[in-house]
Amino acid sequence: MSAIIDISKPIRDSIPRPSREQLSQVAEEVWRWANEHAHDLEKGDVSDKFFAAAIRITSSNLKAMVKLSAGYFAEVGAIFRNLVETCVDCLWVASFLESDTPKGIKLVENFFHFANFRFVETAPTYASIAKTDIFLRDISTPFEQTDVIEDCKKQTGTFQFGDSWRFDPTLFRDEKETRWLTRTQIAADFAQRHLNLKDAPYYQNLKSLSSFAHFDPAQISHFSDTLKDRLFDRSINNALGFVFDLLVYSYKRKNWLQPKDLLTLQHKFIWFST
């Protein structure tokens, strides 16, 4: 006699696979929730704005994956990689905001100032090519504010960066402390504590999905069309889970009531299929 299944603890074999139409509908709903929540967060402090940016980016990645469809298998993988890394970065920073708030705040500030730092590096290029480039030559000035480069220089004057916004020599002794493996381990530990997500496979996902972000044999892999279709649906499902996790934690972090309509969405996709 087979054991009775506890409905509150379903086993994987008992759960039906959601259709692509269902996943697309849930992705649209999650995208809407994400953008409304991000709009509210953007009214807050710099940490709130950081979470808003992460939620907007991951939800946009999710929507782009759905729009591309299974026919663009490699491109979907490249976008999914960006989504996973953004999720990892958000939880990585969240762990510092929890355990070492000044360090977390400094990382968040670095995130926003790095854009100005990169702009100072690249802006002269735009200004020089605008004079002769077919697409840009009729623009009198490449920037609305002529003093924007100097303003950005002033804003980033006291900031120190490595190859990315993540490494600040005043916060970390070695750049190794900000590389994938360390960030994914910290993010996974944080997800287990706050999202009940055990052994989050962030590192494995980043390693495998990187094959689609570069010119790599994986882009001509010998997958059947059926397997590509299934893997596409699985990627949408898992991307939904990552965006949903960020939303749920963000409400928790702010001590805001998590809307019932948002929480019920977890029953419309396979939340633990990562």
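Structure's up top.
An account of the accompanying structure is given in this report. Fair warning: this is a prediction, and the values are worked out from it, not measured in the lab.

**Let's talk about helix 2 (residues 46-68)**
Point 1. The terminal C-alpha atoms of helix 2, which comprises 23 residues, lie 33 Å apart, in line with the 33 Å expected from a rise of 1.5 Å per residue.
Point 2. The opening residue of helix 2, the one whose side-chain oxygen lies 3.1 Å from the backbone nitrogen of serine 47, is aspartate 45.
Point 3. Positive backbone phi, approximately 75 degrees, marks serine 69, located one or two places after helix 2.

**Concerning the side chain of threonine 58**
Point 1. By the secondary structure assignment, threonine 58 is in helix 2.
Point 2. Polar side-chain contacts of threonine 58 include one of 3.2 Å to the backbone oxygen of isoleucine 55.
Point 3. Excluding anything up to four places from it in sequence, threonine 58 contacts Leu83, Thr86, Cys87, Val243 and Leu246.

**Thoughts on the nonpolar core**
Point 1. One finds Leu62, Leu91, Tyr202 and Leu240 to be the most contacted residues of the largest nonpolar core, which totals 66 residues.
Point 2. Elements with a minimum of two residues in this core: helix 1 (20-41), helix 2, helix 3 (73-99), helix 4 (101-129), helix 6 (180-195), helix 7 (202-213) and helix 8 (225-254).
Point 3. In terms of residue count, the dominant contributor to this core is helix 3 (15 residues).
Point 4. Ignoring sequence-local partners within four residues, the contact set of tyrosine 202 consists of Val84, Cys87, Val88, Leu91, Thr184, Ala187, Ala188, Ala191, Leu197 and Phe242.

**Digging into the environment of proline 124**
Point 1. On the secondary structure map, proline 124 appears in helix 4.
Point 2. Residues proline 124 and isoleucine 149, spaced 25 residues apart in sequence, show a C-alpha to C-alpha distance of 8.8 Å.

**Here we look at the packing of aromatic side chains**
Point 1. In total, this model carries 18 aromatic pairs according to the counting rule given.
Point 2. Seen in terms of ring centroids, phenylalanine 80 and phenylalanine 242 are 6.1 Å apart; in terms of plane orientation they differ by 35 degrees. Their pairing is tilted. On the criterion of sequence distance, the pair formed by phenylalanine 80 in helix 3 and phenylalanine 242 in helix 8 is long-range, its members being 162 residues apart.
Point 3. On the accessibility criterion, phenylalanine 242 (1% relative accessible area) is buried.
Point 4. The interplanar angle of 50 degrees and the centroid separation of 5.7 Å between the aromatic rings of tyrosine 202 and phenylalanine 242 together place this pair among those described as tilted. Of the two residues, tyrosine 202 sits in helix 7 while phenylalanine 242 sits in helix 8, which places them 40 residues apart along the sequence.
Point 5. Taken together, the aromatic side chains of Phe50, Phe51, Trp92, Phe96, Phe111, Phe112, Trp165, Phe172, Phe190 and Tyr249 make up a single cluster linked through ring pairs.
Point 6. For lysine 63, the ring lying beneath its charged end belongs to tryptophan 31, and the centroid distance is 3.4 Å.

**So, the packing of helix 2 against helix 8**
Working note: a packed helix pair is described by the angle between its axes plus the distance between those axes.
Point 1. Where helix 2 meets helix 8, the axes come as close as 10 Å, and the angle between the chain directions of the two elements is 160 degrees. Compared by their axis directions, helix 2 and helix 8 come out roughly antiparallel. In this structure, helix 2 meets helix 8 at a crossing whose hand is left-handed. For the pair helix 2 and helix 8, the contacting residues are Ser47, Asp48, Phe51, Ala54, Ile55, Thr58, Ser59, Leu62, Met65 and Val66 in the first and Phe232, Ser235, Ile236, Ala239, Leu240, Val243, Leu246, Leu247, Tyr249, Ser250, Arg253 and Lys254 in the second.
Point 2. Here the residues of the contact of helix 2 with helix 8 sort into 14 nonpolar, five polar and three charged.

Cut-offs and rules
- Within any chain, residue numbers begin from 1 and follow the written order of that chain's sequence.
- Given that the model is predicted, a residue must reach a pLDDT of at least 70 before its local features are reported, and side-chain atom pairs must reach 80 or more before they are shown or counted; all residues, however, enter totals for whole chains, interfaces and linings.
- To get the side-chain values, all heavy atoms of the structure are used, and hydrogens and water are removed first.
- Secondary structure follows DSSP: runs of H or I at least 4 residues long count as helices, runs of E at least 2 residues long count as strands, and numbering of each begins at the N terminus.
- An expected span of 1.5 Å times one less than the residue number is assigned to each helix.
- Under the rule applied, a polar contact is a pair of N or O atoms within 3.5 Å (in protein, one hydrogen donor and one hydrogen acceptor; residues adjacent in sequence only if both atoms are side-chain atoms).
- The contact criterion used is simple: two residues touch if any of their non-hydrogen atoms lie within 4.5 Å.
- Residues enter a nonpolar core if they are buried and are Ala, Val, Leu, Ile, Met, Phe, Trp, Tyr or Cys, with the set joined through side-chain atoms within 4.5 Å.
- Exposure classes here rest on a 1.4 Å probe applied to the protein chains alone. A residue is buried below 20% of its type maximum, exposed above 50%, and partly exposed in between.
- Each pair of aromatic rings taken from Phe, Tyr and Trp, with Trp reduced to its six-membered ring, is defined by centres within 6.5 Å and is described as stacked if the planes are under 30 degrees apart, edge-to-face if over 60, and tilted in the remaining cases.
- Note on criteria: charge over ring means Lys NZ or Arg CZ within 6 Å of the ring centre, with the direction from the centre no more than 35 degrees off the ring normal.
- Axis definition: a line fitted to C-alpha atoms, limited for helices to the stretch in contact. Angles are taken between N-to-C directions and run from 0 to 180 degrees.
- An angle below 35 degrees is read as roughly parallel, one above 145 as roughly antiparallel, one from 65 to 115 as roughly perpendicular, and any other as oblique.
- Crossings are assigned a handedness: left-handed for a near helix turned anticlockwise from the far helix by less than a right angle, right-handed for a clockwise turn.
- Note that Gly is not counted as nonpolar here; it falls among the polar residues with everything else outside the nonpolar set of Ala, Val, Leu, Ile, Met, Phe, Trp, Tyr, Cys and Pro and the charged set of Asp, Glu, Lys and Arg.

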